Amino acid sequence: MKEENPNLNTDILEELFLRLPLNSLGRLKSVSKEWKSILESKWFVEKHLSLAKSSRKILLAYDCECGVSPSLLPGLRDFEWSQEFVYLHCDATRPSMSYEGLVCFPEAEWVNVLNPSTGQLRRFHCPSLSNPRPNSTTYREESWTTYFPGYCAMGFGRDNVKGSYKVVRIFFDPTYCDILDVNTGEWRKLWKPRRCKVDVGRKSACVNGSIYWLRIRRGHVYTILALDLHTEEFHDVPRPHLPKGIMFEAQIVNIRDSLAIAMPVSHPLHQYELEIWSMDGQKETWSKTHS
């Protein structure tokens, strides 16, 4: 007599669940304790996320014309919902951050984390801002710059080891920052070396468990700072050699799970070309991947 596999039903359920969209999975949790346990397991969450990433087909970038609404680049009007979007437009009336389908909207006293697929919204009260508004002479009000509440540099991403999402606020004060664990709802102060400085008006990017900030100073001098969300330690990142230097409008982004710099480069007759330089995470070397 053939022995039955007691895990067969569970295996079949997992395979079926992996092929369903997130909004359907949220409703299935209420069916039974077994289904809820499967859908909330770390293995299932990681596998479902991996499959969702592999199904994306093409990169769609936004054209940046500061002062107006962003638009799709010419030639990329026809798209499917499974395709990947990377937001390159640099001005926003309400600054936000996104990672792996979640969107973070910071406010003066609250941080909101929204899952558009399920409609779930979580709100977290913020500690008091150390510098609610710095002296106006300290910061230049550029039309393309995005300032978060309190003129903080912010980051949002996921700890790849524990799977928890985190929000980071870096103040003008150079010696510490705040970090929120979305799973527990707890804020903690995190020590930051004085040499690790960021631009408060420039967006960050999360790639493979680390948040990155780009800082550009005068004379085409720039640095890239990273925060490992698991060890919660800061470190500097090797920079690409840009033959024409770096434009002040350059931004750091996540493109297909790779760290990248998107930068407009001027040409004769007032034309611009968007260059994207991507980093090989293992070798920490850079190359121009899109133009």
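Below: a short report on this structure. Counting restarts for each chain, with residues numbered from 1 along the sequence as it is written. The model is predicted, so local features are restricted to residues of pLDDT at least 70 and side-chain atom pairs to those at 80 or more, both for listing and for counting; the totals for chains, interfaces and linings are taken over all residues. The side-chain numbers reported here are obtained from all heavy atoms of the structure, hydrogens and water having been left aside.

**Considering the overall build of the protein**
The way it works is that DSSP assigns letters per residue, a run of H or I at least four long becomes a helix, a run of E at least two long becomes a strand, and they are numbered from the N terminus. Scanning the protein from N- to C-terminus turns up four helices and 19 strands. The classification of residues rests on relative accessible area computed with a 1.4 Å probe and restricted to protein chains. Under 20% of the type maximum is buried, over 50% is exposed, and intermediate values are partly exposed. Taking all 291 residues of the protein together, 42% fall into the buried category. Residues count as neighbours in contact if any of their non-hydrogen atoms are within 4.5 Å of one another. Put simply, 45% of the contacts in the protein that link residues at least 6 apart link residues at least 24 apart. All accessible areas in this document rest on Shrake-Rupley with a 1.4 Å probe, and a residue is counted as covered only by the protein chains that are shown. When the accessible surface of the protein is summed, it comes to about 16,900 Å², and 51% of that surface belongs to carbon and sulfur atoms.

**A look at the side chain of Glu 232**
Mapped onto the elements, Glu 232 comes out in the loop between strand E14 (221-228) and strand E15 (233-236). On the basis of relative accessibility, which here comes to 14%, the residue Glu 232 falls in the buried class. In the analysis that follows, any N or O atom pair within 3.5 Å is treated as a polar contact, provided that within protein one partner can donate a hydrogen and the other can accept it, and provided that, for residues neighboring in sequence, both atoms belong to side chains. There is a polar contact of 2.5 Å between the side chain of Glu 232 and the side chain of Arg 188. If sequence neighbours within four positions are ignored, Glu 232 has contacts with Lys 166, Ile 179, Arg 188, Leu 190 and Leu 227.

**What about the environment of Leu 229?**
As for its position among the elements, Leu 229 is in the loop between E14 and E15. C-alpha separation for the pair Leu 229 and Phe 156, spaced 73 residues apart in sequence, amounts to 9.6 Å. Apart from the residues lying within four places of it in its own chain, the contact partners of Leu 229 are Gly 157, Arg 158, Asp 159, Lys 166, Val 168, Ile 179, Cys 206, Gly 209, Ser 210 and Ile 211.

**Looking at the sheet that holds E15**
Strand order in the open sheet made by the four strands is E12-E13-E14-E15, with antiparallel pairing throughout. Sheet topology places strand E12 (205-207) and E15 at the edges, where each strand pairs with a single neighbour. The mean inter-strand angle of the sheet, taken between neighbouring strand axes irrespective of direction, is 30°. A pair of strands is labelled paired if DSSP reports no fewer than 2 bridges between them. As paired elements, E12 and strand E13 (residues 210-217) share three bridges and run antiparallel to each other. What sits directly across from Cys 206, in E13, is Ile 211. Angles shown run from 0 to 180 degrees and are taken between the N-to-C directions of axes, each axis being a line fitted to C-alpha atoms and, for helices, limited to the stretch in contact.

**With respect to the pairing of strand E19 (residues 285-290)**
As paired elements, strand E18 (residues 271-280) and E19 share five bridges and run antiparallel to each other. Of the residues in E19, the one forming a bridge with Ser 278 is Ser 287.

**Topic: the nonpolar core**
Val 111, Phe 156, Val 167, Val 168, Ile 170, Trp 213 and Phe 234 are the most contacted members of the largest nonpolar core, which totals 34 residues. Phe 156 has contacts with Met 97, Ser 98, Tyr 99, Leu 102, Cys 104, Val 113, Tyr 165, Lys 166, Val 167, Ser 204, Cys 206 and Ile 211, leaving out every residue within four places of it along the chain. The criterion is simple. A nonpolar core is a set of buried Ala, Val, Leu, Ile, Met, Phe, Trp, Tyr and Cys residues joined through side-chain atoms within 4.5 Å. By size, the runner-up hydrophobic cluster in this structure holds 20 residues, among which are Leu 242, Ala 250, Ile 252 and Trp 286.

**Some remarks on the environment of Val 167**
In this structure, Val 167 sits in strand E9 (residues 165-170). Given a relative accessible area of 0%, Val 167 falls into the buried group. Between the C-alpha atoms of Val 167 and Gly 155, which are twelve residues apart in sequence, the distance is 5.7 Å. Val 167 has contacts with Cys 104, Val 111, Met 154, Gly 155, Phe 156, Asp 178, Ile 179, Leu 180, Val 182 and Trp 187, leaving out every residue within four places of it along the chain.

**Quick notes on the pattern of salt bridges**
Salt bridges, as used here, are contacts in which a Lys or Arg side-chain nitrogen is within 4 Å of a carboxyl oxygen on Asp or Glu. Going through the model one piece at a time under the given rule, you end up with nine salt bridges. Here Arg 188 makes a salt bridge to Glu 232, at a shortest N to O gap of 2.5 Å. Here Arg 188, found in strand E11 (residues 186-191), pairs with Glu 232, found in the loop between E14 and E15; they are 44 residues apart in sequence, far enough to count as distant. Among the ionic pairs, Arg 215 bridges to Asp 199, the shortest N-O distance being 3.8 Å. In this pair, Arg 215 is assigned in strand E13 and Asp 199 in the loop between E11 and E12, connecting sequence segments 16 residues apart. Pair check on accessibility: Arg 215 and Asp 199 agree, each one buried. One continuous salt-bridge network, built from bridges that share partners, spans Lys 166, Arg 188 and Glu 232.

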